[in-house]
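Examining the three-dimensional arrangement
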Amino acid sequence: MNIRWGGSVWELMLVKRVVGTALSNSASGGYSTLLRDGARNLVGHADLLNGKRAVAGLVAVSAVAGGALTAATMKATPHLKTKFRSATQDTAEGAAEADPVEEPETLQGPRLRAV
């Protein structure tokens, strides 16, 4: 994946490095492939890997996970609807028995209709 911007070519790369090391700061403000340890001693070079395959793999894993989540949600929805429907009906029946709802005086008169 190459991107051209400001006369430069940018390329997506993955960095493979040893645990406990860090990339060196470059003079241009970015990072170089030189690896340094915690005391800032030079210990080697990092490996740069093609980022296209990593992005493609990430897209594939995301698609599979999204499909599985969608299928699980569609399978669970009828069960959840039944549970919530019965819970809301129980709540509505309990509220109807406890406090009857009375309309205010302003709503008891004639009502307007659409013509």
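From a predicted model like this one, the values you see are computed outputs, not experimental measurements.

**Describing the environment of Thr 33**
Of note, Thr 33 is situated in strand β5 (residues 31-36). The spacing of Thr 33 and Asp 47 is 14 residues in sequence and 7.4 Å in space, taken between C-alpha atoms. Apart from residues lying up to four places away in sequence, Thr 33 is in contact with Leu 23, Gly 44, His 45, Ala 46 and Leu 48.

**Things to note about a nonpolar patch on the surface**
A grouping of Leu 12, Val 55 and Val 59 is seen on the molecular surface, where their side chains present a nonpolar patch of about 220 Å² in accessible area. Looking at the secondary structure, you find Val 55 in helix α1 (residues 51-98). Overall, Val 55 belongs to the partly exposed group, its relative accessible area being 33%.

**Overview of the sheet that holds strand β4 (residues 22-25)**
On the basis of which strands lie adjacent, the open sheet formed by 3 strands has the order β4-β5-β6 and antiparallel pairing. Every other strand in the sheet has two partners, leaving β4 and β6 (42-45) as the edge strands with one partner each. Taken pair by pair, the neighbouring strands of this sheet meet at an average axis angle of 55°, ignoring direction. In the sheet, β4 pairs with β5 via 3 bridges, with the strands oriented antiparallel. The residue bridging Leu 23 from the neighbouring strand is Leu 35, located in β5.

Thresholds, definitions, all that
Residues numbered from 1 in each chain as written. Predicted model: local features only at pLDDT ≥ 70, side-chain atom pairs only at ≥ 80, totals over all residues. Heavy atoms only, no water. Helix = DSSP H or I, 4+ residues; strand = E, 2+ residues; numbered from the N terminus. Contact = heavy atoms within 4.5 Å. Patch = residues over 30% accessible without salt bridge, like charges linked within 9 Å, V, L, I, M, F, W, Y side chains within 5 Å. Areas by Shrake-Rupley, 256 points an atom, 1.4 Å probe, with all protein chains shown as cover. Salt bridge = Lys/Arg side-chain N within 4 Å of Asp/Glu carboxyl O. Buried < 20%, exposed > 50% of the residue type's maximum accessible area, 1.4 Å probe, protein only. Pairing = 2+ DSSP bridges. Axes fitted to C-alpha atoms, helices over the stretch in contact; angles between N-to-C directions.

None of this, on its own, says anything about what the molecule does.
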